[in-house]
Amino acid sequence: MRDFETIIVGVGDGIGRLTLNRPDSLNALNEKMTADIQTALKELSADRDVRCVAITGSGRAFSAGQDLKEISPAKSFADSLRKRYNPIIRLITGMEKPVVALVNGVAAGAGMSLVLSCDYRIMSSSAKLIQAFVRIGLVPDSGSTYFLPRFVGYAKAFELAALGDEISSEEALRLGLVNRVFPDSKYAAESEKILVRFANGPTKAYSTIKKMLRHSAVYSLEQTLEYEAYMQEISGRTEDAREATKAFVEKRPPVFKGK
Ligand code: T3D
């Protein structure tokens, strides 16, 4: 994978790793970084050796959101979201492999939206989430108003978005905003085990699960039952499904190839 100015990208053992790398500004998202993230996500998506993608931040933060030193009244917020942020959220949610957020430190504003758009979220115990938009008189963007009420319900979503208070890792876990929290001392090793598990799993099934869960958010039970039947027909014919059924009969663990 090539070098980028604002992020570090690496691939190994089936895992694509994207690290936001402007630690002096808590990995604030400037124009160059959002462009770099888009390019990297497209490349990781197309790379057949990558079966799981992890996104994290360098230094003490995940990301402090939009670079406030680049905000100016002269620019269009809508254009910025349409060109810079919304494509990133679409690339993550549409990626045909699991995308895991490793929340190593504070994730604020669009940084928190980026976390919410991932399929699985792991947080270190000292990290915080902040719907920081309202603190500067803005409203949530980059998918936060889609994900928040679906994860925590309207009442809590309104509170988090309108008050913009820090959400501790304990509260994030209790609310269902993240999947796992590990003490800072164990966070790296425990996260790695989960990434390895995704990278060795049935990638096509993961991708289909992503599509099905998004589909079910807008369709009726009847339509969902039919979609499940359709998707199971496809899933049942993958190499991984055949291998896992054979492995069960042979009383051995399956070897998934992501095919
Ligand atoms: O244009 C559009 O598309 C609009 C889109 C908007 C989406 C958004 O994300 S809006 C929300 C933007 N983010 C924020 O409002 C959060 C701003 N940051 C903070 O509130 C705090 O930094 C934190 C709560 C995240 C962390 O606080 P703390 O005390 O741990 O760190 P700090 O001292 O505030 O920051 C450390 C450095 O990072 C500092 O730089 P310095 O003074 O040492 O040179 C600070 O300026 C810099 N920094 C932190 N956040 C940002 C930032 N620089 C630029 N942009 C930031 N967002």
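For clarity, every value in this text was computed on a predicted model and none was experimentally measured.

Quick word on the sheet that holds strand β4 (residues 61-63)
With mixed pairing, the 4 strands of this open sheet are ordered in space as β4-β6-β8-β9. A strand with exactly one partner marks an edge of an open sheet, and here the two such strands are β4 and β9 (166-168). With direction set aside, neighbouring strand axes in the sheet form an average angle of 20°. For strand β6 (residues 106-108) and strand β8 (residues 128-130), the ladder comprises 2 bridges, and the chain directions are parallel. Each residue of the ladder has a partner; that of A107, found in β8, is L129. Together, β4, β6, β8 and β9 form the strand contacts of helix α3 (residues 110-117), whose direction differs from that of β6 by roughly 100°.

What about the pattern of salt bridges?
Evaluation of the coordinates by the stated rule reveals 14 salt bridges. For E171, the salt bridge identified is with R174, shortest N-O distance 3.6 Å. Residue E171 and its partner R174 are both found in helix α6 (residues 169-175); the two are separated by 3 residues, about one turn of the helix. Overall, R174 belongs to the exposed group, its relative accessible area being 62%. It is possible to trace a salt-bridge network through shared partners that takes in K156, E159, E171 and R174.

Overview of the domain arrangement of the protein
Assigned domains within the protein: domain 1 (7-199) and domain 2 (203-249). Once you take the C-alpha centre of each, domain 1 and domain 2 turn out to be 27 Å apart. Each partner contributes to the interface: domain 1 provides 14 residues, whereas domain 2 provides 7 residues. In terms of surface lost to domain 2, no three residues of domain 1 exceed R51, T93 and E96, which account for 45% of the buried area on that side. Seen at the junction of domain 1 and domain 2, the total is 2 salt bridges.

Let's talk about the site of the ligand
Around the ligand sit 22 residues in total, of which R60, Q66, K75, S80 and A110 are the nearest. Within the backbone of Q66, one N or O atom sits 2.9 Å away from a nitrogen atom of the ligand. In the environment of the ligand, an oxygen atom lies 2.6 Å from a nitrogen or oxygen atom belonging to the side chain of K75. Expressed as a share of its isolated accessible area of 1100 Å², the protein-covered part of the ligand is 69%. Top contributing element to the shell around the ligand by residue count: helix α2 (residues 77-94), with 3 residues. Grouping the amino acids of the shell around the ligand by side-chain chemistry returns 11 nonpolar, 5 polar and 6 charged.

Observations regarding helix α8 (residues 203-216)
The terminal C-alpha atoms of α8, which comprises 14 residues, lie 20 Å apart, in line with the 20 Å expected from a rise of 1.5 Å per residue. Taken as a whole, α8 has its buried residues at T203, Y206, S207, T208, K210 and H215. At its buried positions, α8 is contacted by α2, β5 (99-103), α7 (184-199), α9 (221-236) and α10 (239-249).

With respect to empty space enclosed by the protein
Inspection of the entire model under this criterion finds 2 cavities of 30 Å³ or more. Considering only enclosed or pocket space, the largest cavity measures out at about 50 Å³ in volume. Around the largest cavity, the lining residues are L29, T34, Y85, I88, I89, A110, L114 and S142. If you list the elements that add at least two residues to the lining of the largest cavity, you get α2 and α3. Considered as a void within the structure, the second largest cavity measures approximately 30 Å³ in volume. Contributing to the lining of the second largest cavity are T93, G94, M95, E96, S207, K210, K211 and R214. Contributions of two or more residues to the lining of the second largest cavity are made by α2 and α8. Per-element accounting of the lining of the second largest cavity gives the leading share, 4 residues, to α8. When its residues are assigned to classes, the lining of the second largest cavity shows 1 nonpolar, 3 polar and 4 charged. Taken domain by domain, the makeup of the lining of the second largest cavity includes at least three residues from each of domain 1 (7-199) and domain 2 (203-249).

The rules behind each value
Residues numbered from 1 in each chain as written. Predicted model: local features only at pLDDT ≥ 70, side-chain atom pairs only at ≥ 80, totals over all residues. Heavy atoms only, no water. Pairing = 2+ DSSP bridges. Helix = DSSP H or I, 4+ residues; strand = E, 2+ residues; numbered from the N terminus. Axes fitted to C-alpha atoms, helices over the stretch in contact; angles between N-to-C directions. Contact = heavy atoms within 4.5 Å. Salt bridge = Lys/Arg side-chain N within 4 Å of Asp/Glu carboxyl O. Buried < 20%, exposed > 50% of the residue type's maximum accessible area, 1.4 Å probe, protein only. Domains from an automatic or database assignment. Buried area = accessible area lost by both parts, 1.4 Å probe. Near = heavy atom within 4 Å. Polar contact = N/O pair within 3.5 Å; in protein donor to acceptor, adjacent residues only side chain to side chain. Areas by Shrake-Rupley, 256 points an atom, 1.4 Å probe, with all protein chains shown as cover. Nonpolar A, V, L, I, M, F, W, Y, C, P; charged D, E, K, R; others polar. Expected span 1.5 Å × (residues − 1). 1 Å grid on protein atoms, 1.4 Å probe; cavity = no way out; pocket = protein on both sides within 12 Å on 5 of 7 lines; lining within 4 Å. Points joined across faces, edges and corners; volume = space filled by probe spheres on them.

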